[in-house]
Amino acid sequence: MSLRKKFFSNPFVLTIIAIVLGFCVASLILLAAGYPPIESIRTLVESMVGRPKDISSVIIRSTPIIFTGLGVAFAIKTGLFNIGAEGQYVMGCVVATMVGSMLDFPKPVAILMVVISAMLVSSLYAGFVGLLKARLGIHEVISGIMLNWISLYFSNWICGLDFFHKPGTIGMYPVNPCTYTMILPAWKRSEAGAAFMEQYPILKETLGRTDVNAGFIVAVIAAFMISHLLNRTRKGYELRAVGQNIHAARFAGINVNKSIVHAMMISGALCGLGAAFYITGQSPHTVATLSAFENVGFNGLSVAFIAFSSPIGCLFAGLLFGGLLYGGAGLQSKVGAPTEIINIVIGVIVFFCALSYLIPRFVERRDAARLNKKRKKQAQKAMKKGGAHVN
Amino acid sequence: MSININSDTVLLLLGITLMYSTPMVFAAQGSVISEVSGVVNIGIEGMMTIGAFTGAAVGYFSGSPWLGFICAGLAGAVFGLIHAFASVTCKADQTVCGIAMNLIGPGFALFLSRVFFDGATQTHPVTNKIPKLFGSSGLEGSLNNLNVDMTTVLALILTIIMIWIFYGTTWGLHLRAVGEHPAAADTLGINVYKVRYICVTISGLLAGLGGAAMTLAIVPQFMPTAISGQGFIAIAAVIFGKWTPHGGYLACLLFGFAQALTVVLGGGSFTVPSEILAMLPYVLTIIILILFVGRASAPKANGVPYNKGSRV
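The model shown is predicted, which means the values in this text are computed figures rather than measured ones.

How each quantity is defined
Residues numbered from 1 in each chain as written. Chains lettered and ligands numbered in written order. Predicted model: local features only at pLDDT ≥ 70, side-chain atom pairs only at ≥ 80, totals over all residues. Heavy atoms only, no water. Helix = DSSP H or I, 4+ residues; strand = E, 2+ residues; numbered from the N terminus. Buried < 20%, exposed > 50% of the residue type's maximum accessible area, 1.4 Å probe, protein only. Areas by Shrake-Rupley, 256 points an atom, 1.4 Å probe, with all protein chains shown as cover. Lys, Arg positive; Asp, Glu negative; His and termini not counted. Charge placed at Lys NZ, Arg CZ, Asp CG, Glu CD. Rg over C-alpha atoms; globule rule 2.2 N^0.38 Å. Contact = heavy atoms within 4.5 Å. Salt bridge = Lys/Arg side-chain N within 4 Å of Asp/Glu carboxyl O. Patch = residues over 30% accessible without salt bridge, like charges linked within 9 Å, V, L, I, M, F, W, Y side chains within 5 Å. Expected span 1.5 Å × (residues − 1). Bend = angle between axes of the 7 residues up to and from the residue. Buried area = accessible area lost by both parts, 1.4 Å probe. Polar contact = N/O pair within 3.5 Å; in protein donor to acceptor, adjacent residues only side chain to side chain.

1. A short note on the overall build of chain A
Then, number 1: A tally of regular secondary structure across chain A gives 18 helices and zero strands.
Then, number 2: Considering only C-alpha atoms, chain A reaches an extent of 105 × 60 × 40 Å along its principal axes.
Then, number 3: The buried share of chain A, taken over its 391 residues, is 52%.
Then, number 4: When the accessible surface of chain A is split by element, carbon and sulfur atoms take 66% of a total near 18400 Å².
Then, number 5: In chain A, 35 positive and 16 negative side-chain charges are present, and the distance between their average locations comes to 21 Å.

2. Side note on the overall build of chain B
Then, number 1: When helices and strands are counted, chain B shows eleven helices and zero strands.
Then, number 2: Reading the secondary structure of chain B in the N-to-C direction produces α-α-α-α-α-α-α-α-α-α-α.
Then, number 3: Taken over C-alpha atoms, the radius of gyration comes to 20 Å for chain B, in line with the 20 Å a tight globule of 312 residues would show.
Then, number 4: In terms of its C-alpha atoms, chain B occupies a principal-axis envelope of roughly 65 × 50 × 35 Å.
Then, number 5: Intrachain contacts of chain B at a sequence separation of at least 6 include 78% that bridge at least 24 residues.
Then, number 6: Total accessible area on chain B is roughly 12500 Å²; 68% of this is exposed by carbon and sulfur atoms.
Then, number 7: Taking the average location of the 12 positive side-chain charges in chain B and that of its 10 negative ones, the two points are 16 Å from each other.

3. Looking at the pattern of salt bridges
Then, number 1: Tallying each qualifying case throughout the model produces eight salt bridges over all chains.
Then, number 2: The partner of A:Lys133 in a salt bridge is A:Glu140, and the shortest N-O contact between them spans 2.7 Å.
Then, number 3: A:Glu140 gets classed as buried once you look at its relative accessible area, which sits at 5%.
Then, number 4: Between B:Asp149 and B:Lys132 there is a salt bridge whose closest N-O contact spans 3.3 Å. Pair noted here: B:Asp149 is in the loop between helix 4 (94-116) and helix 5 (150-168) and B:Lys132 is in the loop between helix 4 and helix 5, with a separation of 17 residues, a long-range link.
Then, number 5: The buried category is assigned to B:Asp149, whose relative accessible area is 5%.
Then, number 6: For B:Lys132, a relative accessible area of 38% puts it in the partly exposed group.

4. Concerning unusual backbone geometry
Then, number 1: The peptide bond linking A:Ser283 to A:Pro284 adopts the cis configuration, its omega dihedral lying at 5 degrees.
Then, number 2: Mapped onto the elements of the fold, A:Pro284 is located in the loop between helix 14 (256-281) and helix 15 (296-306).
Then, number 3: A positive phi is found at A:Leu184, a non-glycine position, where the angle reads about 50 degrees.
Then, number 4: Positionally, A:Leu184 belongs in the loop between helix 7 (140-160) and helix 8 (185-189).
Then, number 5: Residue class for A:Leu184 comes out partly exposed when judged on its relative accessible area of 44%.
Then, number 6: Non-glycine residue B:Lys242 carries a positive phi angle of around 55 degrees.
Then, number 7: Here B:Lys242 lies in the loop between helix 9 (230-240) and helix 10 (245-267).

5. A few points about a nonpolar patch on the surface
Then, number 1: A cluster of nonpolar side chains, A:Phe128, A:Leu131, B:Val283, B:Ile287, B:Ile290, B:Leu291 and B:Phe292, forms an exposed patch at the surface whose accessible area comes to about 630 Å².
Then, number 2: Sorting the residues of the nonpolar patch by element identifies helix 6 (107-136) of chain A together with helix 11 (274-293) of chain B as the ones contributing at least two each.
Then, number 3: In terms of residue count, the dominant contributor to the nonpolar patch is helix 11 of chain B (five residues).
Then, number 4: In this structure A:Leu131 comes out as partly exposed when scored by relative accessible area, which is 41%.

6. Here we look at a positive patch on the surface
All names here are of chain A.
Then, number 1: There is a patch of like positive charges on the surface, built from Arg366, Arg370, Lys373, Lys377, Lys381 and Lys385.
Then, number 2: Mapped onto the fold, Lys385 is located in helix 18 (residues 358-390).
Then, number 3: Residue classification places Lys385 among the exposed residues on the basis of a relative accessible area of 67%.

7. Some points on helix 4 (residues 52-77) of chain A
Residues and elements named next belong to chain A.
Then, number 1: Its 26 residues place the ends of helix 4 35 Å apart at the C-alpha level, agreeing with the 38 Å of an ideal helix rising 1.5 Å per residue.
Then, number 2: Most pronounced at Thr63, the bend in helix 4 amounts to some 35 degrees, and the proline Pro64 follows within four residues.
Then, number 3: Counted residue by residue, helix 4 has 19 buried out of 26 residues, so it is predominantly covered.

8. Points about the side chain of A:Ser143
Then, number 1: Along the chain, A:Ser143 turns up in helix 7.
Then, number 2: Not counting the four nearest positions on each side in its chain, A:Ser143 is found in contact with A:Val129, A:Leu132, A:Ile138 and B:Ile286.

9. Looking at the interface of chain A and chain B
Then, number 1: Counting residues at the interface gives 46 residues for chain A, matched by 44 residues for chain B.
Then, number 2: For the pairing of chain A and chain B, the buried interface totals around 3800 Å² over both sides, and the portion due to carbon and sulfur atoms is 83%.
Then, number 3: A:Glu340 serves as the salt-bridge partner of B:Arg114, at 2.6 Å between the closest nitrogen and oxygen.
Then, number 4: Taken together, the links from chain A to chain B amount to three residue pairs in polar contact (both at pLDDT 80 or more).
Then, number 5: Elements supplying a minimum of two residues to the side of chain A that touches chain B: helix 2 (11-32), helix 6, helix 7, helix 15 and helix 17 (341-355) of chain A.
Then, number 6: At twelve residues, helix 7 of chain A tops the list of elements feeding residues into the side of chain A that touches chain B.

So this is what it looks like as structure tokens:
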């Protein structure tokens, strides 16, 4: 493999190419619609990373989609298409809020209980999809879609129950402060905290103004753990084997049915983990009645695709996605370009990610053509030389 | 429970069933033709959304619902063509590409809506909706529930045409062969790429029509929630109907019926909360899948790009 082909086979390089192409297409569309493309993109990037507060907000915004992206990516590695991530995330949010609003324990215990209950319910919800596939051969996409809708209405039903419904709102009672996973929530509101942050403007902008929480750190740890599980453990090997070739895996003595259920459960648990940290770490710390999906799970699909299903890649893809979603609002208010251009950008990036495997082939073909040309020239030269010699 | 089951209720149920299922039937036929030819098209939802917008926008500006309907099909076909290019010529991952369509389709629809309708994400209502079967005067009494939209009739005709193409024509045989065993079809002189291109483009066209059947017949305008899940349900209906045009049609009817049941039951003094009722169609689908469908039998080459000359 030539060095150049190696370079263009690197998933990271391919993603960058897809991102550049995504912005190119978006620029053309903006231009056609009569908006200044360069200024729009500059505004978009500025609203993403312009101030420390923006960077902090982007990280917070990205955290849930990194988790759902991880869940989807894990499922893809094991040969499953977890389109039900949305429903698993919604279930996680509801359960986290239900449990969190009732608990009154010391902090670490309370957080642990919320996280475990959300993960448990989400993983069971996903495990049901796996069970249907393993036992009855029901495609995970169709049961996943159905369960997404069921979770939406379940969430709304819980929201409306007297026991959980907070009067005067469209949502549930928020979780108790003992479950909060923000970093130093009480301290930063205290006088000492305010005085300390006054000395460090960056701290005041980020920690003081946004819900900085532990979710992102947990997401990073989870990404590395999932990467380790997939690539360095026997279980991960088995799961990947089932994903690569189900018949070969069965022949090798792997319990295929169990693997499918386990893979789905882990994928669901990651979505539930994301939900728990969203509810405990970000205002309004509760679930509201939904009229449509909030797309956290569906966006996880795009994150996983942009990351080429690499768990570590999901961290970056999630940050990009969260950043674009966050910056899109700034784009509309400052340039007036519709914020939906963001969806087009992300869609085009995903599209080119799907096509990106063509690039190494293209490079290889060009390299081969060049080499051919060079050889021909050399041969011609040699012939001429040879001819001269004869003369 | 205070529901009297009489002819009025039955006619009401039937009318709502047909109304709800129509956009899904178009989309399901689009999904079936693509999947049977061997290309997974999970982007149906996005193609429906772009069709829904185009239909409503053209219908509003031109005043002709039929022109809007046709343009919606063409807009969907453009997206179908892009999907065909990616998945047939470029042999890209069809699922990823479909998800991209689901992002680009609604993104485009809302973007264009904001451009053409002063920053609003919904279009103005069209002046003329697609006419009803028995005209605007309709039928007498509860029989008027059967005065369905013309699109509902078109959906039925489309299904019959699809069945005829699939099982009554040589081209239908080619199409199924391409989805089952493209290499064998190729050796018989069938142009696999051409068949797939045509099928995926038609798939987009039908999805676009389905979207317009929503925004030109059921509701008179496009809004962000006009297409919310119908495309995905249509894909589920195709799997449910075991990848046949008639199976897909019946699955859509069943799904429409479950939704109609929700509407009719919700209207009475029924003690079950409306949210639990709203789950009914989806729960019912899962139960039926568990009880009756069993192992799905997808076309063998579904989702696998074909490389000419490759050994299977």
